[in-house]
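Inside the fold
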Amino acid sequence: MLKKIIIFDTTLRDGEQAPGASLTGREKLEVALGLVRLGVDVIEAGFPISSPGDFNSVRMIAQQVKGVVICGLARSLNKDIEAAAAALKPAKRKRIHVFLATSKIHMRYKLKKAESEILKIAEAAVKYAREFSDDIQFSPEDASRTEPDFLFRVVETVIKAGATTVNIPDTVGYAQPEEFGSLIKAICNTVPNIHKAVIAVHCHNDLGLAVANSLAAVRNGAGQVECTINGIGERAGNAALEEIVLSLRTRKGYFKGILTSINTKEIYKISRLVSKLTGFVVAPNKAIVGGNAFRHESGIHQDGVLKKRRTYEIISPEDVGFYGEGLVLGKHSGRHALSERLKQLGFVLNNDQLEQAFSRFKELADKKKEIFEEDLLSIVEEQMKGLPQVWSLAGLEFCGGTSVKPRATIKLKNKDKTYTASSSGDGPVDAGYKAIEKITKIKAKLLDYSLQAVTSGKDALGEVSIKLEIKNKEVPGRAASTDIVEASVKAYLNAINRVLFQAEKSPAIRL
Ligand code: KIV
Ligand code: ZN
């Protein structure tokens, strides 16, 4: 039998409580609209009494966000409930979420109240909230550390008072999965009117168990899970929405037909949005949305994935909206991955060529953490014994002296056509470079220039090495000649031909 779990997203309330995560009203609205596209059932938009800013953003979301239940948090105080009701007023479907601590430690030290008083306050708060909405959620804060018998009485009381959802928070992330699952089962089996309300869970991640505890609760009767995007929230955070949803989806059999209404293809996008707006970087190894979650570097894994993706991938990256490159080329990669990537770049190498390219690749990978497209292109350039000569030097004249401004005339060939341009400059090399720029129309900045004699004697061969900046990319160029101006001009053309070759081979490099 299929059962739908309600996904209650609290990124904008508990998530935003994370130190340093504060969002503006506009940013909250942007996240809320993303959550609607994601398909969550309830958005907890904020805690309206906590500040005018929070009130206004809950109100703006209540006005503008359609198709989901909008929820506002309130302590068990009339002024909080009134503020939540006022902020939520424009929403078509609204929920007031009332909470009150029920554990011994909270009642004694924080609230300084006895059990009987807590029961009365909770009951009155729920009844008062019902005057503003039919959809009322009650949370006995620190439920997992509350005496079970007292917790059962609280739950029964608030349902009788009109709560339609009772949320069992593991406020300090103290519970263990089996224990938490048993608590939910005990609530289902013990509270006589439990069938009149949905049981929700809200787990914190202090021991890294928020998702495990939430899933254990689902297996034992919880009908709603509270969670946040990327797991952000107070202290170590809340249960991560993406992890819960993907566990339920990936292990359908284990969870016996439990579904959610989440459109998983939206997950990656909203994860990036929340990360960008809060400034909380997602760790590369974070499950589902981390940058490395779908990337394979080891040769054995890459070979397996290329043969059959499911060997090392239990989730398809596209299913969560991740379209990045899955195979990372680095020192652990093998021939199979290298030849596949080269094929994608348009190079089909025979076995000998591949062997040579692979050994160059390994040498480079020992020096660099990751091998990018440009690196592969330069390996292939070497393989091809030289770059295709888009522009080649057909003639060069220059004049200068102590009393004449240096001037160069350059003749270049491209396919069957010859182009000529002249320019003056600070020296013959500078004048030559300016003339080349006139012909090729490629804007370049000279970052580095060095000249070295590679043979000895008066007719020594001079090798010029330069570095140009073209479209924010550094491109090297090298050439040798007995004439140093000619070597300089040819080195410049070598850099330009390299960048043209790379632009043709890689769509990422555009001129
Ligand atoms: O962690 C908690 O107990 C809460 C409640 C307000 C539900 O955030
Ligand atoms: Zn919380």
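Residues numbered from 1 in each chain as written. Chains lettered and ligands numbered in written order. Predicted model: local features only at pLDDT ≥ 70, side-chain atom pairs only at ≥ 80, totals over all residues. Heavy atoms only, no water.

1. Quick notes on the packing of aromatic side chains
Under the criterion given, the structure shown has eight aromatic pairs. On the numbers, 6.3 Å between centres and 65° between planes, the contact of F47 with F99 is edge-to-face. Taken together, the residues F47 in the loop between β3 (42-46) and α2 (52-64) and F99 in strand β5 (residues 94-101) connect sequence positions 52 residues apart. Its relative accessible area of 17% is what places F47 among the buried residues. Its end group placed over the ring of Y174, R145 keeps NZ or CZ at 5.9 Å from the ring centre. (Phe/Tyr/Trp six-rings, centres within 6.5 Å; stacked < 30°, edge-to-face > 60°. Helix = DSSP H or I, 4+ residues; strand = E, 2+ residues; numbered from the N terminus. Buried < 20%, exposed > 50% of the residue type's maximum accessible area, 1.4 Å probe, protein only. Lys NZ or Arg CZ within 6 Å of the ring centre and 35° of its normal.)

2. Quick notes on the site of ligand 1
Neighbouring ligand 1 are the residues R13, D14, H97, F99, S139, E141, N167, P169, T171, H202 and H204. Summarising the interface, the protein chains cover 94% of the accessible area of ligand 1, which totals 260 Å² for the free molecule. Within the residue set of the shell around ligand 1, elements represented by two or more residues are β5, β6 (136-141) and β7 (165-170). Residues belonging to the shell around ligand 1 are distributed by class as follows: two nonpolar, six polar and three charged. (Near = heavy atom within 4 Å. Areas by Shrake-Rupley, 256 points an atom, 1.4 Å probe, with all protein chains shown as cover. Nonpolar A, V, L, I, M, F, W, Y, C, P; charged D, E, K, R; others polar.)

3. Re the coordination of the zinc ion (ligand 2)
Donor atoms from the polypeptide that bind the zinc ion (ligand 2) are D14 (OD), H202 (NE2) and H204 (NE2), placed at 2.0 to 2.1 Å. Site description for the zinc ion (ligand 2): donor spacing in sequence, D-x187-H-x1-H. With a gap of 188 residues between them, D14 in the loop between β2 (6-9) and α1 (25-38) and H202 in strand β8 (residues 198-203) connect regions that are remote in the sequence. Owing to a relative accessible area of 2%, D14 belongs among the buried residues under this scheme. On the basis of relative accessible area, H202 is assigned to the buried category, the value being 5%. (Donors = N, O, S within 2.8 Å, 3.2 Å for Na, K, Ca; no water.)

4. A look at the side chain of D142
Residue placement: D142 occurs in the loop between β6 and α6 (148-161). With relative accessibility at 0%, the residue D142 sits in the buried group. For D142, the residues in contact, after removing those within four places along its chain, are S103, I105, H106, P169, T171 and V172. (Contact = heavy atoms within 4.5 Å.)

5. Considering the packing of helix α12 (residues 335-344) against helix α13 (residues 351-367)
Interaxial distance between α12 and α13 falls to 10 Å at its minimum, and their mutual angle equals 105°. Relative to α13, the element α12 lies roughly perpendicular. In contact with R335, L338 and S339 of α12, α13 contributes L354, E355, A357, F358 and F361. (Axes fitted to C-alpha atoms, helices over the stretch in contact; angles between N-to-C directions. Parallel < 35°, antiparallel > 145°, perpendicular 65-115°, else oblique.)

6. A word on the domain arrangement of the chain
The domains assigned to the chain are domain 1 (3-278), domain 2 (295-320), domain 3 (323-384) and domain 4 (392-505). The centre of domain 1, based on its C-alpha atoms, is set 49 Å off from the matching centre of domain 3. (Domains from an automatic or database assignment.)

7. Remarks on the pattern of salt bridges
Taken as a whole and assessed by the stated rule, the structure comprises 28 salt bridges. For E44, the salt bridge goes to R13, with nearest N and O atoms at 3.0 Å. On the criterion of sequence distance, the pair formed by E44 in strand β3 and R13 in the loop between β2 and α1 is long-range, its members being 31 residues apart. R13 shares its class with E44; the two are buried. The shortest N-O distance in the salt bridge between K28 and D54 comes to 2.7 Å. Taken as a pair, K28 in helix α1 and D54 in helix α2 lie far apart in primary sequence, 26 residues in all. (Salt bridge = Lys/Arg side-chain N within 4 Å of Asp/Glu carboxyl O.)

8. Quick word on the nonpolar core
Core analysis: the largest hydrophobic core is formed by 94 residues, its most contacted members being I43, I96, I168 and I187. By residue number, the principal contributor to this core is α6, which donates eight residues. Not counting residues within four places of it along the chain, the set of residues in contact with I43 comprises D9, L12, A32, L35, V36, V65, V68, V69, I70 and C71. Core analysis: the next-biggest nonpolar cluster, separate from the first, contains 24 residues, I410, Y433, I436 and A479 among them. (Core = buried A, V, L, I, M, F, W, Y, C linked by side-chain atoms within 4.5 Å.)

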